[in-house]
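Chain by chain, the residues:
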Amino acid sequence: MILAIESSCDETAVAIIRREGQTAELLTSLISSQIEIHRQYGGVVPEVACRNHAQRIRPLVQQALDDAGVSLDNIAAFAATRGPGLASSLLVGLAYAKGLAVASDKPFFGINHMEGHLLSPFLKEGTIPPHLSLIVSGGHTMLISVQAHGQYQLIGRTIDDAGGEAFDKVGRMLKLPYPGGPEIEKHAREGNPKSFIFPRAHLKDAPFDFSFSGLKTAVLYQLQKLDDPQAHLADLCASFQDAVIDALVKKTIKAALQTGHTLIALSGGVACNRALQEALTCAAQNAGMKVQPTPPALTTDNAGMIALAALLASENRPSDSLEIGIDPNLVLATP
Ligand code: KG4
Ligand code: ZN
């Protein structure tokens, strides 16, 4: 049994996982979200996030143990996200998990948050097949060719804003509450995606890289031209969302063809967008490929995915020294 902590941004999360034969079983996965606190500022305030993690972590660990019906003695190893993320937030979870490991003389694993996202579609299976991974979160957008656990090759990434970041920034322009992603998806359902033609960036020398900053600027210019932007809210949301999805889906299918993968996994906060799931599934089917979605509870930040990454780490590599620190810019994969 492994207890894992996630605190890289504005969710304090604790999960306990155990190996069940070939599969993995998540005994509990708790998330204490700070979204309501940060909403009043229109985004995450690092100092406020850090203080809230510090207040919430101890009772949340106790609640996770109670939920799973186990005690600290039953836990074989402890894990925490060590990056990428906000430095002060990462420190809270990492220090707490290390403290538990020291106190109980058990191994510790420092986990890459992005590996958690990458593995999250396969939590039930408990094993990682070769596939192309599309991760779209608030901080990252990446296409990664996965050969096996730990063998990750970066195929494409965003050269400016992340997919979720674009949703959040456009959400703010449209005066929608933070985070913008779920709000835009909700309004987009009532709108016509063909109302406004927004640009899809084509990067000549990097066909699998993404760019969303031009799209963001195009939305801004369109807003300045409209007398009453709020009257066009649904159409603006639908047209913007369509442009993001179009870029994500087309490049993903192209990258799958290039790398020879017939399985595509979709993860990260933006992966709970239904329109994206449907468009990717449809395009994949047309190309003779399959899509592995992420269970909804594991799309936005959670500790279940960190626990799975720690479980696989414990089976594939030595534990980490307690000297290991946080790394706000931790890299998952290189070209
Ligand atoms: O993975 P995540 O929880 O945090 C990071 O590691 O960044 O992703 C959060 C991001 C936010 O930008 C949020 O707006 C976006 O995921 N998001 C969505 C949806 N739900 C969350 N974007 C589009 N559609 C959604 N339904
Ligand atoms: Zn994340």
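Keep in mind that what you see is a predicted model, and the values were worked out from it rather than measured. (Residues numbered from 1 in each chain as written. Chains lettered and ligands numbered in written order. Predicted model: local features only at pLDDT ≥ 70, side-chain atom pairs only at ≥ 80, totals over all residues. Heavy atoms only, no water.)

Asker: Whenever I open this one, unusual backbone geometry confuses me. Can you help?
Answerer: Most peptide bonds take the trans form, and the phi angle of most residues other than glycine is negative. Pro84 follows Gly83 through a cis peptide bond whose omega is -10 degrees. Residue position: Pro84 is located in the loop between strand S4 (77–83) and helix H3 (87–104). Cis geometry marks the peptide bond from Tyr178 to Pro179, where omega comes out at -5 degrees. In this structure, Lys175 is a non-glycine residue whose phi angle is positive, near 60 degrees. (Helix = DSSP H or I, 4+ residues; strand = E, 2+ residues; numbered from the N terminus.)

Asker: Any chance you could explain helix H9 (residues 274–286) here in plain terms?
Answerer: Since the α-helix advances by 3.6 residues per turn, residues separated by three or four positions end up pointing in the same direction. Relative to the 18 Å expected for 13 residues at 1.5 Å per residue, H9 spans 18 Å between its end C-alpha atoms, a close match to the ideal helical length. Along H9, the residues that are buried comprise Leu276, Leu280, Ala283 and Ala284. Each buried residue of H9 lies within a common arc of 100 degrees when the element is viewed along its axis, so the set occupies one face. Exposed positions of H9 whose direction lies more than 90 degrees from the buried face are Gln285 and Asn286. Tucked inside the fold, the buried residues of H9 contact strand S6 (131–136), helix H8 (233–259), strand S9 (263–267) and strand S10 (290–292). Two to three positions downstream of the cap, the backbone nitrogen of Ala275 sits 3.0 Å from a side-chain oxygen, assigning the N-cap of H9 to Asn273. (Expected span 1.5 Å × (residues − 1). Buried < 20%, exposed > 50% of the residue type's maximum accessible area, 1.4 Å probe, protein only. Arc of directions from axis to C-beta. Contact = heavy atoms within 4.5 Å. Polar contact = N/O pair within 3.5 Å; in protein donor to acceptor, adjacent residues only side chain to side chain.)

Asker: What am I meant to see in the coordination of the zinc ion (ligand 2) here?
Answerer: In an ideal tetrahedron of four donors about a metal, each angle is 109.5 degrees. In an ideal octahedron of six donors, the angles are 90 or 180 degrees. Summarising the metal site, the zinc ion (ligand 2) is bound by the protein donors His113 (NE2), His117 (NE2) and Asp301 (OD), whose distances to it range over 2.0 to 2.1 Å. What the four donor atoms of the zinc ion (ligand 2) show is an angle range of 95 to 140 degrees at the metal, which sorts the shape as irregular. All donors of the zinc ion (ligand 2) come from a single chain, and their spacing in sequence reads H-x3-H-x183-D. Of this pair, His113 sits in helix H4 (residues 113–119) while Asp301 is found in the loop between S10 and helix H10 (304–316), placing the two residues 188 residues apart along the sequence. Accessibility expressed as a relative area gives 16% for Asp301, which makes it buried. (Donors = N, O, S within 2.8 Å, 3.2 Å for Na, K, Ca; no water. Tetrahedral: all angles 85-135°; square planar, octahedral: opposite > 155°, others 65-115°.)

Asker: Whenever I open this one, the domain arrangement of the chain confuses me. Can you help?
Answerer: As a measure of interface size, the accessible area lost when the parts come together is often cited. If you check the domain split of the chain, you get domain 1 (2–122 + 300–316) and domain 2 (131–294). Between domain 1 and domain 2, the buried area comes to about 1,600 Å², and carbon and sulfur atoms account for 70% of it. Our enumeration of links across domain 1 and domain 2 arrives at zero salt bridges. For the pair domain 1 and domain 2, the interface holds seven residue pairs in polar contact (both at pLDDT 80 or more). For the side of domain 1 that touches domain 2, the element with the most residues is H4, which contributes five residues. (Domains from an automatic or database assignment. Buried area = accessible area lost by both parts, 1.4 Å probe. Salt bridge = Lys/Arg side-chain N within 4 Å of Asp/Glu carboxyl O.)

Asker: Where do I start with the pattern of salt bridges in this structure?
Answerer: Any two side chains of opposite charge can pair, given that their charged atoms come close. All chains considered together, the criterion is met by 16 salt bridges. The partner of Arg39 in a salt bridge is Glu36, with the nearest N and O atoms 2.9 Å apart. Within this pair, Arg39 and its partner Glu36 are both found in helix H1 (residues 35–39), separated by three residues, close to a single helical turn. With a shortest N-O distance of 3.8 Å, Glu278 and Arg274 are connected by a salt bridge. Of this pair, Glu278 and Arg274 both sit in helix H9, four residues apart, which is roughly one turn of that helix. Residues participating in the shared-partner salt-bridge network are Lys194, Arg200, Asp242, Asp246 and Lys250.

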